[in-house]
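# What the coordinates show
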Amino acid sequence: MKKIFLNIGLMIAVALIIGWLSMLWLDVWTRHGDTISVPAVRTLAYDKAISLLEAEGLKGIVADSVYDSRTAPGTVIEQNPKAGTIVKEGREVFLTIHAFSPKMVTLPSLSDISLRQARSILEGLDITNIVERRVPSEFKDLVLAVRYKGARLQAGARVPVNARIELEVGEGVQESFTDTDSVSADTEAIESHLDLF
């Protein structure tokens, strides 16, 4: 019976020692107590932001890019975690940067539809620089052609969202009509007046 209690006591002692050593190893492995405050890299150029993060022992990763014509290309727009967040060394900081070139979109067929519908489709694709050029056509406000930099575009063409898109739009037939009844009435009046002489 003494051997059983002695073995149980030894197992408990060994388990406690192993647990204590595991906690010490875990503190070293996770660098418990070693923390870094994330620096502010928003509004910095991408290269400068990466250098600053690496100098602090962090890794900068581009998570997303957006195009904004008001911001210089390559500028960091957003960061996660935010500036001032306490993290461990080696942590990845995800960056959203301003794209170096505008987003490209694929145009659907815009010919033979109304001007209003074509404008709606283009604005839905974030294209806002739209110019209309009226051309002779019997159909008023019908889009006859789509042009970019003078070249005629077909469905499936890819253009940047900041492109200046020119729509050739029909101006409609200018109807010039004559009232045949009033002309014939005037003719009859003149003839009857001449008969009097």
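Look up a bit, the structure's there.
### A word on the pattern of salt bridges
Scanning the model with the defined rule gives 9 salt bridges in all. Asp-126 serves as the salt-bridge partner of Lys-103, at 3.6 Å between the closest nitrogen and oxygen. Of this pair, Lys-103 sits in the loop between β5 (92–98) and β6 (104–106) while Asp-126 sits in the loop between α3 (115–124) and β7 (130–135), and the two are 23 residues apart along the sequence. The exposure class of Asp-126 is partly exposed, given its relative accessible area of 47%. The salt bridge involving Glu-132 is made with Arg-119; its shortest N-O contact spans 3.2 Å.

### Here's the deal with a nonpolar patch on the surface
A contiguous nonpolar patch, built from Met-1, Ile-4, Phe-5, Ile-8, Met-11, Ile-12 and Leu-16 and spanning about 810 Å² of accessible area, is present on the exposed surface. Counting through the fold element by element, Phe-5 comes out in helix α1 (residues 2–29). Looking at Phe-5, the relative accessible area reads 56%, which means it is exposed.

### Considering the nonpolar core
Residues Leu-122, Ile-127, Val-146, Leu-153, Val-159, Ile-165 and Leu-167 are the most contacted members of the largest nonpolar core, which totals 20 residues. Broken down by secondary-structure element, the contributors of at least two residues to this core are α3, β8 (140–148) and β11 (165–171). Beyond its immediate chain neighbours, meaning those up to four positions away, Val-146 contacts Leu-110, Ala-151, Arg-152, Leu-153, Ile-165, Glu-166 and Leu-167. In this structure, Val-38, Leu-58, Val-87 and Val-93 belong to the second largest nonpolar core, which totals 12 residues.

### As for the sheet that holds β11
Spatially, the 4 strands line up as an open sheet ordered β7-β11-β8-β9, and their pairing is mixed. Of all the strands in the sheet, the pair left with one neighbour each is β7 and β9 (151–152). Bridge analysis of β8 against β9 gives 2 bridges, and the strand direction is antiparallel. Residue pairing across strands places Arg-147 opposite Arg-152, the latter belonging to β9. Lying over the sheet, α3 contacts β7, β8 and β11, oriented at roughly 160° with respect to β7.

What counts, and where the lines are drawn
Residues numbered from 1 in each chain as written. Predicted model: local features only at pLDDT ≥ 70, side-chain atom pairs only at ≥ 80, totals over all residues. Heavy atoms only, no water. Salt bridge = Lys/Arg side-chain N within 4 Å of Asp/Glu carboxyl O. Helix = DSSP H or I, 4+ residues; strand = E, 2+ residues; numbered from the N terminus. Buried < 20%, exposed > 50% of the residue type's maximum accessible area, 1.4 Å probe, protein only. Patch = residues over 30% accessible without salt bridge, like charges linked within 9 Å, V, L, I, M, F, W, Y side chains within 5 Å. Areas by Shrake-Rupley, 256 points an atom, 1.4 Å probe, with all protein chains shown as cover. Core = buried A, V, L, I, M, F, W, Y, C linked by side-chain atoms within 4.5 Å. Contact = heavy atoms within 4.5 Å. Pairing = 2+ DSSP bridges. Axes fitted to C-alpha atoms, helices over the stretch in contact; angles between N-to-C directions.

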